[in-house]
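Notes for the structure review
One letter stands for each residue in the lines below.
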Amino acid sequence: MSTPVLLGALLPAVPLVAGLLGLLLPPAPRRVAAGEAPARRVAVALGVAGAATSLLLALALLATLDRQTEASWTWVDLGGLTVSLGVRLDGAVALVAVAVAAVALAVQVYSIGYLKRGPHDDVDVDHRYPPYAAQVSLFTAAMLLVVVSGDLILLLVGWEVMGICSYLLIAHDRRLPEAPAAAMKAFLVTRVGDVGFLLGIALLGVSAGSFRIADVLNHDHPTGTLTAACLLLLAGVAGKSAQFPLHTWLPDAMAGPTPISALIHAATMVAAGVYVVARLYPLFAQAPVTLAVLGVLASVTLLLGALAATAQDDLKRVLAWSTVSQIGYMTGALAVGAPEAALFHLLTHAAFKALLFLAAGAVIHAVGTTLMSRMGGLRRTTPVTFWCTVIGLGALAGLPPLAGFFSKDGVLYAAEQAALHGAGPTAAWVGWLVWLAGLVGVAVTAWYATRLLLRTFLGEARTPLVEPHDPPAVMRWPVLLLAVPAALLGLAGFAGAFAERLRPVPPATREPSDLLPAEPLVHFSPAVLLPLALLVLGAGLAWARWRRNPAGDPAATLGPLRPLFARAFRLDDVQHTLVVRPATALAVATRTADEVVVDGAVTGSGRAVLGLGGGLAALHRAALPRAAAGVLAGALLIGLAAALIGGVA
């Protein structure tokens with residue numbers, strides 16, 4: 001076994017072992033007078049050690065992997081249809097694994113302080129910290145399994161384990177009434193997409209005669225089968241990555257602890273769908289219909305998330321809707337034939353979105369609320385959090401020279417080339433759709449990012465009784481360290497070797513042009529001035545509105561559209577009307593039919609038998625003369641029947 005294969009196999013195994021051991025720990029006491037419970041200390045050690053080891057393994061894999069490497073062992077053979085245990089490693093795998101492990105480590109360390117004393121109570125120690133840390137480790141292991149898996153069934157295992165871990169972690173704080181409902185909604189909505197995902201994997205595996213990704217990619221699938229399978233896979237991608245129309249679960253998932261929001265939004269669950277499409281991109285490139293569908297969904301999602309973010313008062317929901325929008329940029333890049341640009345934006349987004357959520361957690365920890373209407377003036381009292389948030393919001397908006405500027409420019413450049421020059425596997429109209437939506441998204445993103453910064457950190461404090469402060473060191477250092485890649489990771493796009501690592505083209509399908517050195521992901525041209533002008537326009541409008549009334553909300557300029565944007569165009573209500581209510585009515589009707597018809601028939605039969613038995617018992621207990629008369633009557637009837645039968649014969 002080669003060193004890269006060993007490292008790839010250990011990547012999900014290490015946090016898996018840490019998670020399983022953590023689940024054996026008992027919950028800590030609800031209140032600890034002095035110090036911390038031993039179970040909590042062990043949980044902290046297991047969680048941090050597992051994530052740190054995974055990060056070291058990912059970095060070692062990045063350093064040692066110089067070509068695509070694969071190894072597999074047959075797990076199940078069902079009449080020639082094989083399922084294998086194995087890994088499939090390339091440059092993109094190593095980079096995404098580093099991002100996942102780095103964010104997981106930051107979340108594990110940050111959670112030590114964040115869950116020690118929550119903003120909603122006076123409990124000194126979260127007594128459910130041991131299962132929380134274990135579930136974070138399992139979540140990390142599941143995503144890393146998706147990243148390194150060389151078999152679609154193994155990938156599906158990691159995909160589904162992420163789903164159950166997200167359910168458990170979103171519902172972690174059971175004192176919040178909305179947490180269990182949000183967890184259930186996330187679980188059910190993503191399961192809807194996963195039905196299609198499972199069917200798509202089944203179609204590809206049966207068609208290729210194997211579930212190994214290499215076999216599936218190299219097999220010549222019938223066009224109809226391939227198109228159907230890719231469309232079914234997109235259903236799972238829409239659910240996991242919160243894309244229209246299965247996006248409604250993600251904003252409600254903010255009921256979970258803020259570090260979990262960082263984990264879900266930055267490098268695990270919502271990134272999984274984009275990563276899987278990039279991993280299987282040669283199949284999607286052969287089915288351009290699926291990429292056209294993906295382009296439409298990406299454009300709608302991009303604008304939907306950005307506009308919904310403009311009217312939110314909850315700090316975490318602004319960031320949640322921004323994630324929906326930014327994932328739209330990634331899927332848009334995939335739709336126009338630029339998987340490397342999509343993965344580049346995935347990596348930079350992992351850095352600045354994790355930074356933003358952890359910085360938001362520091363604000364919530366200090367102020368005790370998630371509502372921006374009750375914040376303000378925090379720049380003076382929380383300077384570290386303020387400047388880290390500035391970096392994160394600048395990267396989110398695409399402010400040069402921060403990371404988000406370069407990766408978002410790569411997406412817009414690819415869409416522009418597809419629109420103007422027909423580059424890519426889809427029609428030019430898909431490129432136009434993604435490009436125009438992306439440009440509008442730049443202005444809207446800059447607007448709501450500026451509004452968030454102004455409402456939260458500038459102006460006068462709106463909660464004078466609160467004495468906010470920067471978080472303790474255990475929460476502060478993860479935020480500071482994440483600010484580095486959020487600011488500088490975009491510079492990697494200038495290196496052709498970095499772009500080469502992100503290209504998901506398997507060696508068996510390479511053309512001569514694919515063997516040439518890859519172009520950098522950053523392209524400077526006069527076209528870059530347009531998104532910069534839109535960024536200045538969006539930020540300037542929010543700033544001008546705030547300067548006229550620092551105590552007011554720039555969202556007031558939305559006028560009658562504000563309630564509509566705040567409810568995300570009421571698509572959640574539409575989903576409830578068209579799906580939830582009919583399903584509930586069907587369930588009620590089914591239950592009624594089961595209780596009245598099925599149970600009624602069984603119960604009625606029992607009652608009839610009991611009644612007949614009771615009548616016969618009464619006759620059996622009759623006096624001797626009546627009993628004798630009954631016997632004679634029966635004999636007479638039997639004789640009469642015998643005579644009739646004999647006569648007929």
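Residues numbered from 1 in each chain as written. Predicted model: local features only at pLDDT ≥ 70, side-chain atom pairs only at ≥ 80, totals over all residues. Heavy atoms only, no water.

1. Some thoughts on the overall build of the protein
Short version of the rule: Under the scheme used here, helices are H or I runs from DSSP no shorter than 4 residues and strands are E runs no shorter than 2 residues, and both carry numbers assigned from the N terminus. Per-residue accessibility, obtained with a 1.4 Å probe over protein chains only, is compared with the maximum for each type, and a residue is labelled buried under 20%, exposed over 50%, and partly exposed between these values. Any two residues whose heavy atoms approach within 4.5 Å at even a single point are treated as in contact. Only four residue types enter the charge count: Lys and Arg as positive, Asp and Glu as negative, with His and the chain ends excluded. By convention, charge coordinates are those of NZ in Lys, CZ in Arg, CG in Asp, or CD in Glu.
From N to C terminus, the protein includes 25 helices and two strands. When each of the 649 residues of the protein is scored for burial, the buried share is 54%. In the protein, 80% of the contacts between residues at least 6 apart in sequence involve partners at least 24 apart. Averaging the coordinates of the 41 positive side-chain charges in the protein and doing the same for the 35 negative ones gives two points 9 Å apart.

2. Things to note about helix α3 (residues 91-114)
Definition in use: By this rule the span expected of a helix is its residue count minus one, scaled by 1.5 Å. Within 3.5 Å is the distance limit for a polar contact, defined as a pair of N or O atoms, with the added protein rule that one can donate a hydrogen and the other accept it, and that residues adjacent in sequence qualify only through two side-chain atoms.
The terminal C-alpha atoms of α3 lie 34 Å apart, and with 24 residues this matches the ideal 34 Å at 1.5 Å per residue to within 8%. A large share of α3 lies buried, amounting to 22 of its 24 residues. The backbone nitrogen of A92 has a side-chain oxygen 3.2 Å away, supplied by the residue at the start of α3, namely D90.

3. Structural notes on a nonpolar patch on the surface
We apply this condition: To count toward a patch, a residue needs a relative accessible area above 30% and no salt bridge. Like charges then connect within 9 Å, nonpolar side chains (Val, Leu, Ile, Met, Phe, Trp, Tyr) within 5 Å. In this description, accessible areas are obtained by the Shrake-Rupley approach with a 1.4 Å probe, and a residue is regarded as covered only by the protein chains that are shown. Only one rule defines a salt bridge in this text: a Lys or Arg side-chain nitrogen within 4 Å of an Asp or Glu carboxyl oxygen.
Together, W73, W75, V76, L78 and L85 make up a nonpolar patch on the protein surface, roughly 500 Å² of accessible area in all. When residues in the nonpolar patch are grouped by element, the largest group, four residues, is from strand β1 (residues 69-78). With respect to the helices and strands, V76 occurs in strand β1.

4. Notes on the packing of aromatic side chains
Let me state the cut-off plainly: Pairing of aromatic rings covers Phe, Tyr and Trp, the last counted by its six-membered ring, and requires centre-to-centre distances within 6.5 Å; plane angles under 30 degrees mean stacked, over 60 mean edge-to-face, and any other angle means tilted. A ring is scored as having a charge over it whenever the NZ atom of a lysine or the CZ atom of an arginine sits within 6 Å of its centre and within 35 degrees of its normal.
Within the structure shown, the criterion is met by twelve aromatic pairs. A centroid spacing of 5.5 Å and a plane angle of 70 degrees characterise the contact between F344 and F498, whose relative ring orientation is edge-to-face. Here F344 is found in helix α15 (residues 339-367), whereas its partner F498 is found in helix α21 (residues 496-502), with 154 residues between them in sequence. The pair F344 / F498 is uniform in exposure class, with both members buried. Above the plane of the ring of Y329 lies K408, whose end atom (NZ or CZ) is 5.0 Å from the centre.

5. Concerning the nonpolar core
Put simply, the test is: For our purposes a nonpolar core is just a set of buried Ala, Val, Leu, Ile, Met, Phe, Trp, Tyr and Cys residues, chained together by side-chain atoms within 4.5 Å.
Among the nonpolar cores identified, the biggest contains 202 residues, and W249, I264, L280 and L502 are the most heavily contacted of them. Tallying contributions element by element places α15 first for this core, with 21 residues. Every residue in contact with W249, bar those within four places of it in the chain, is listed here: K185, A186, V189, T190, G239, K240, A242, I264, M269 and V270.

6. Notes on the environment of G404
Mapped onto the secondary structure, G404 falls in helix α18 (residues 403-421). Each C-alpha atom of the pair G404 and M475 lies 24 Å from the other, and the pair is 71 residues apart in sequence. Apart from the residues lying within four places of it in its own chain, the contact partners of G404 are F352, A395 and G398.

7. So, the pattern of salt bridges
Here the structure, examined in full by the defined rule, presents 14 salt bridges. Residue D252 pairs with K185 through a salt bridge whose shortest N-O separation is 2.7 Å. One end of the pair, D252, is in helix α9 (residues 249-252); the other, K185, is in helix α6 (residues 178-208), with 67 residues separating them in the sequence. For K185, a relative accessible area of 17% translates into the label buried. Note that D553 and R562 form a salt bridge whose closest N and O atoms lie 2.8 Å from each other. Take D553: its relative accessible area is 9%, and that puts it in the buried class. The network of salt bridges with common partners includes E70, R88, R212 and D215.

8. Overview of the pairing of β1
To be explicit about the condition: Two strands pair under a simple rule: DSSP has to find at least two bridges between them.
Pairing of β1 with strand β2 (residues 81-89) involves nine bridges; the strand directions are antiparallel. Within the sheet, the bridge partner assigned to W73 lies in β2 and is L85. The antiparallel pairing of β1 with β2 creates a hairpin that spans two residues between the two strands, and G79 there sits at a positive phi of about 60 degrees.

9. A few points about the environment of A335
Summarising the element assignment, A335 is placed in helix α14 (residues 315-335). A residue is classified by how much of its surface remains accessible, and A335, at 0% relative accessible area, is buried. Note: C-alpha distance between A335 and L297 (38 residues apart in sequence) is 9.6 Å. Sequence-distant contacts of A335, defined by excluding residues within four places in its chain, comprise L291, L294, G295, T426 and V430.

10. What about the packing of α15 against helix α20 (residues 473-488)?
In a packed pair of helices, the relevant descriptors are the angle between the two axes and the axis-to-axis distance. Using the following cut-off: Only the stretch in contact is used when fitting a helix axis, every axis being a line fitted to C-alpha atoms; angles between N-to-C directions are given from 0 to 180 degrees. When an angle is under 35 degrees it counts as roughly parallel; over 145 it counts as roughly antiparallel; between 65 and 115 it counts as roughly perpendicular; any other value is oblique. By convention, the crossing between two helices is left-handed when the near helix turns anticlockwise from the far helix through less than a right angle, and right-handed when the turn is clockwise. Any residue that is not Ala, Val, Leu, Ile, Met, Phe, Trp, Tyr, Cys, Pro, Asp, Glu, Lys or Arg is counted as polar, Gly included; the first ten are nonpolar and the last four charged.
Two elements in contact, α15 and α20, have axes whose closest approach is 8 Å; the angle formed by their N-to-C orientations is 150 degrees. Looking at the two axes, α15 sits roughly antiparallel to α20. The crossing of α15 and α20 is left-handed. Residues A351, F352, A354, L355, L358, A359, A362 and H365 of α15 pack against M475, P478, V479, L482, A483, P485 and A486 of α20. The class makeup of the residues in the contact of α15 with α20 is 14 nonpolar, one polar and no charged.

11. Points about unusual backbone geometry
With the exception of glycine, most residues fall at negative phi, and the peptide bonds are largely trans. For the peptide bond that leads from F244 to P245, omega is 5 degrees, which places it in the cis range. As for its placement among the helices and strands, P245 is situated in the loop between α8 (223-240) and α9. Residue P401 follows P400 across a cis peptide bond; omega there is 5 degrees. Structurally, P401 is set in the loop between α17 (383-397) and α18. Although it is not a glycine, A242 sits at a positive phi angle of roughly 55 degrees. When you line up the elements, A242 lands in the loop between α8 and α9.

12. Quick word on the side chain of R451
By the element assignment, R451 lies in helix α19 (residues 428-457). Here Q312 takes part through its backbone oxygen, which lies 2.9 Å from a polar atom of the side chain of R451. Here R451 is in contact with A309, T310, A311, Q312, D313, V318, M372, A542, D553, P554, A555 and R562, once residues within four sequence places are set aside.

13. Regarding the packing of helix α5 (residues 152-170) against α6
In the contact formed by α5 and α6, the axes pass within 8 Å of each other and the chain directions differ by 170 degrees. Here α6 runs roughly antiparallel to α5, going by the angle between their axes. Listed contacts from α6 to L152, I153, L155, L156, W159, E160, G163, I164, Y167 and I170 of α5 are A179, A182, A183, M184, A186, F187, R191, D194, F197, L198, I201 and L204.

14. Considering the side chain of S166
The residue S166 is located in helix α5 in this model. Residue classification places S166 among the buried residues on the basis of a relative accessible area of 2%. From its side chain, S166 meets the backbone oxygen of G163 in a polar contact 2.6 Å long. Excluding its chain neighbours within four sequence positions, the residues that come into contact with S166 are F139, I264 and M269.

15. Quick word on α17
Under the 1.5 Å per step criterion, the end-to-end length of α17 is 21 Å for 15 residues, consistent within 8% with the ideal 21 Å. G398 sits one or two residues past α17 and shows a positive phi near 90 degrees.

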